[in-house]
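The lines below spell out each chain.
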Amino acid sequence: MAKEWYILHTYSGYERKIEQAIRTLIERGNVSSDIVTNISIPEETIQVNTKKTTKKNFLPGYLLVEMDLPELGWKDVCSKIKRIQGVSGFLGTTGGAKPVPISSDEAKNILQKTGEIKSDKAYAVSHSYSVGDKVKISTGPFASFSGTVGEIMPDKSKLRIMVTIFGRTTPVEVDMTQVELI
């Protein structure tokens, strides 16, 4: 037996209720905490502007459940979870077959995107910018300057903004979270 991640298909919008229902099953002793070890709603943090972030579910209708399913007795655990109102079943499972876990790489990618595992990119930016967009820099040394987007560097989450300083157009490199569309 080894801990593996499984994807639970739910009704969209019921993810939090089902997560709580599974936690209640564990608290009441109906499901062992040694079997169901973790539950995760796949949400990513999105930077709306310099001061505000929000969470967005990037896999609506799905929960990640980390389980250490025993060879004997797995049906009892899975049927208790599947009987929760709003649960459609485990992804990749048909009939009464044992659920199939996702690969460790798939789990790692999803958990990095949710922020449960550290990754290079901690959040996504909610605005997509285009070359020529008019923007205002809201923070940093060039705060309150306005200009146009000259270059987009999505791999670095940076923009090159063309601003006018002392009557000359000057390129300024800023983070995408430091600007707002005008």
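Further up the page is the structure itself.
Because the structure is predicted, anything quoted here is derived from the model rather than measured. (Residues numbered from 1 in each chain as written. Predicted model: local features only at pLDDT ≥ 70, side-chain atom pairs only at ≥ 80, totals over all residues. Heavy atoms only, no water.)

1. Details of the side chain of Thr114
Right, on to step 1. With respect to the helices and strands, Thr114 occurs in helix 3 (residues 104-114).
Right, on to step 2. With relative accessibility at 11%, the residue Thr114 sits in the buried group.
Right, on to step 3. Each residue touching Thr114, except ones within four places of it in the same chain, is listed here: Ile41, Pro42, Glu43 and Phe58. (Helix = DSSP H or I, 4+ residues; strand = E, 2+ residues; numbered from the N terminus. Buried < 20%, exposed > 50% of the residue type's maximum accessible area, 1.4 Å probe, protein only. Contact = heavy atoms within 4.5 Å.)

2. Focus on the nonpolar core
Right, on to step 1. By size, the foremost hydrophobic cluster in this structure holds 21 residues, and its most contacted members are Leu8, Ile22, Val36, Met67, Leu69 and Ile81.
Right, on to step 2. Secondary structure elements with two or more residues in this core: strand 1 (4-10), helix 1 (15-27), strand 2 (36-40), strand 5 (62-67), helix 2 (74-82) and strand 6 (87-90).
Right, on to step 3. The biggest single contributor to this core is helix 2, with four residues. (Core = buried A, V, L, I, M, F, W, Y, C linked by side-chain atoms within 4.5 Å.)

3. Section: the sheet that holds strand 8 (residues 134-137)
Right, on to step 1. Spatially, five strands are ordered 11-10-9-8-12 in an open sheet, and the strand pairing comes out antiparallel. The open sheet is flanked by strand 11 (168-175) and strand 12 (179-181), the only strands paired with a single partner. Each adjacent strand pair in this sheet contributes to an overall mean axis angle of 45°, direction not counted.
Right, on to step 2. Relative to strand 9 (residues 146-153), strand 8 runs antiparallel, the two being bridged by three bridges. Its bridge partner being in strand 9, Val135 is matched across the sheet by Gly147. (Pairing = 2+ DSSP bridges. Axes fitted to C-alpha atoms, helices over the stretch in contact; angles between N-to-C directions.)

4. A look at the pairing of strand 9
Right, on to step 1. Relative to strand 10 (residues 158-165), strand 9 is paired through six bridges, and the arrangement is antiparallel. Counted as the bridge partner of Met153 is Lys158 from strand 10.
Right, on to step 2. The antiparallel hairpin formed by strand 9 and strand 10 contains four residues in its connecting segment, where Ser157 sits at a positive phi of about 60°.

5. Overview of the environment of Ile84
Right, on to step 1. The residue Ile84 is located in the loop between helix 2 and strand 6 in this model.
Right, on to step 2. Remark: the alpha-carbon pair of Ile84 and Thr54, spanning 30 residues in sequence, is separated by 28 Å.
Right, on to step 3. Excluding anything up to four places from it in sequence, Ile84 contacts Ile18, Ala21, Ile22 and Leu25.

6. Structural notes on helix 2
Right, on to step 1. Trp74, Val77, Cys78 and Ile81 are the residues of helix 2 that are buried. The arc that holds the buried residues of helix 2, viewed along the axis, is 90°, so those residues lie on one side. (Arc of directions from axis to C-beta.)

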